[in-house]
Amino acid sequence: MIYQQLINGLMLGASYSLVAIGYTLIFGVLNLLYFAHGEIFMVGAFVGLFLVVFAGLNIYGALLGAMVACAALGVISVFVAIRPVPKDRPLAPLISTIGLTIVLQNLAVYFIGGQQLAFPETIRQTLYHVGPITVSSTQLFILGVAVSLMLLLWVFIEHSKMGRAIRAVAENHETAALLGVDVNKVVIVTFIIGSGIAGVAGVLDGLKNSSISPFMGLGAAVKGLIVMLLGGLGNVPGAMVAGLMLGMIEILSAAYIGTTERDLFSFLILILILLFRPTGLFGTRTVEQR
Amino acid sequence: MFDGLIDGYTQSILIFTGISVIAAYSFFAPFKTGQVSLGQAGFMAVGAYCSAVLTQKFDVPFAASLPVAGLFAGVVGVVLGFPALRIKGIYLLLLTLGFGEIISVIALSWDYVGGAQGYRNIPFNPRTLDYVVGIIVVLILFFRRLERSSLGRAMDSIHQDETAAEVMGIDVVRMKLFAFGLGAMIAGIAGALYAHQATFMDSTTFNIMLAVEILTFVVVGGGSTYWGPLAGAVVLSLLPEFLRTLREWLELLPVGMTNFFPADRIYDFLHGFLDFENAKRLIVYGLILMLMMIVRPDGLLTRDSLRRFSFRKARHA
């Protein structure tokens, strides 16, 4: 029983991790709470759905399409909601991304309607029994995609030239610019990566819950924020581990304490972390303002 | 006070706009010391549930339960304010967001206040509009007085530079705690007014989007002057009504008379788009928020823009 719950927790946590990675990357380079990230996740889920239903693509095509569409949307959001807004007012970019959140969510409601849509089953269901645990092929697929994406990203951040530039900008904007890093380019690349991953997370979430709705973004955004904080602001590996942890904690508290208390736990963790370990579980830097 | 002057529909719009104004001032109070709170919806919930329980289960009259609800929310605010003192910026934003969510989980799981079914049959208060107008007047007078007092200047200095303020001998801890508690109290009052107007609420009534909306009221209106929250809340709350009126005006235009092609097309597009539908209205709302931050990132009203119209300056000049 407990192993089964742990597997479920891992599944839930993997999608939290993917959303939080984008948050933490964007927070790292821009020092900005990018409110619209949850809606990018939602758009990804819908792009995936349409590619499967109307274009007849398989799940890989849907994942790739959602990734590309969301990366493009992320870049557009930089140009409409972040670039034109003055940087010296801490609240202005927050409000403009809130505006973008409202626009994206209601565009989805306008074109699709406020109801839930069923996500098609594109993977043939097989159940694997390993000892006391039962895993479905969908679950394995989701976990596999999420984990390999995270590993790829980790290698990219730690070992590529662009990854080093991203880390440098996250450490200090001015110094990085002085040392010849093209900060604008880094911001764009960060949004491409973060939003692309959020798009994949959206499709995976649709696969997992087999339904999606225009309102799925807000919940994902809030959970992503908690995970970002747990892992330490701007800390990518931290967000990966913290997401898996939060997923397990939620599933375990839902299974053994009660489903309504599940959210209570994640928010209690949020508050405790803020009060006692604002640097996150893995002790990265704190951010002074914003 | 306003009986017979306005119809029920207008009255309810005025009441909810007024409650938005009060909520905006509740955000403005801690914001004056630089604290950005996403917990104001949570404090509204505390006040709303407190007042609803008092009037419905203990037969307390609304006139008495309203201040009690405000004070109770204020106390909760001070209790949350203590830990909130240690952190600022994005951490405070997340802390208050977490507080608001915890309040809504409690409202969802506590059957005494309705639980998942929501809180029904809250006694209706027929004189809410009088209360709302009275409270807004008091708030404006209060913040007007505050802006010119040493207390208000101390708060502004904390907003601008906390360390410098502390060095100048300002008791930063007490100021911030006072501002946070005051904001929570005002929010509690707004929530209580809401509860007895709507007569129904559940765990989603005071959600994150409401907290975000309250924040946008102040930022759009202008956070540097006490007229800002009023302007922001009124403009943003009445925007949908304005869009609706705009469509009625469009119908009066003699567009069919002209043969100018784009005018017809633009007319048709606008007419279709302003068709009063929630999603479209919210898309326009979001676009206006984004545009606003590009064009006037300090908000509609700033101290400078107000000074330009002020008679006082003219007298000194």
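These figures come from a predicted structure and were not determined experimentally. (Residues numbered from 1 in each chain as written. Chains lettered and ligands numbered in written order. Predicted model: local features only at pLDDT ≥ 70, side-chain atom pairs only at ≥ 80, totals over all residues.)

Explain the overall build of chain B here, please?
Summing up its helical and strand segments, chain B has 14 helices and 0 strands in all. Helices (α) and strands (β) of chain B occur, in sequence order from the N terminus, as α-α-α-α-α-α-α-α-α-α-α-α-α-α. Across chain B, the fraction of contacts at a sequence separation of at least 24, relative to all contacts at a separation of at least 6, is 79%. (Helix = DSSP H or I, 4+ residues; strand = E, 2+ residues; numbered from the N terminus. Contact = placed C-beta atoms within 7 Å.)

Help me out: how do you make sense of helix α9 (residues 208-221) of chain B in this one?
The periodicity of an α-helix, 3.6 residues per turn, causes residues three or four places apart in sequence to face the same way. All names here are of chain B. Compared with the 20 Å implied by 1.5 Å per residue over 14 residues, the 20 Å span of α9 between its first and last C-alpha is a close match. Of all 14 residues in α9, 13 are buried; the element is thus mostly enclosed. A positive phi of about 120° marks Gly 222, the residue just after α9. (Expected span 1.5 Å × (residues − 1). Buried ≥ 20, exposed ≤ 12 C-beta atoms within 10 Å, placed from the backbone.)

Explain the packing of helix α5 (residues 137-159) of chain A against helix α10 (residues 236-256) of chain A here, please?
The geometry of a pair of packed helices is captured by two quantities: the angle between their axes and the separation between those axes. All names here are of chain A. Running from N to C, α5 and α10 cross one another at 160°; their axes reach a closest spacing of 10 Å. Classified by the interaxial angle, the pair formed by α5 and α10 is roughly antiparallel. Crossing hand, α5 versus α10: left-handed. Residue-level inspection shows Met 150, Leu 153, Trp 154 and Ile 157 of α5 in contact with α10, the latter providing Val 236, Pro 237 and Met 240. Each residue belonging to the contact of α5 with α10 can be placed in one class, and the counts come to 7 nonpolar, no polar and no charged. (Axes fitted to C-alpha atoms, helices over the stretch in contact; angles between N-to-C directions. Parallel < 35°, antiparallel > 145°, perpendicular 65-115°, else oblique. Left-handed = near helix turned anticlockwise from the far one by under 90°. Nonpolar A, V, L, I, M, F, W, Y, C, P; charged D, E, K, R; others polar.)

Any chance you could explain the domain arrangement of chain B here in plain terms?
Quite often, the size of an interface is put as the accessible area lost when its parts meet. Each assigned domain of chain B is listed here: domain 1 (8-215) and domain 2 (239-316). Once you take the C-alpha centre of each, domain 1 of chain B and domain 2 of chain B turn out to be 30 Å apart. (Domains from an automatic or database assignment.)

Even after reading the chapter, I still don't get the environment of Val 133 of chain B, so can you show me in this structure?
In this fold, Val 133 of chain B is placed in helix α5 (residues 128-147). For the pair Val 133 of chain B and Ile 22 of chain B, spaced 111 residues apart in sequence, the C-alpha to C-alpha distance is 9.7 Å.

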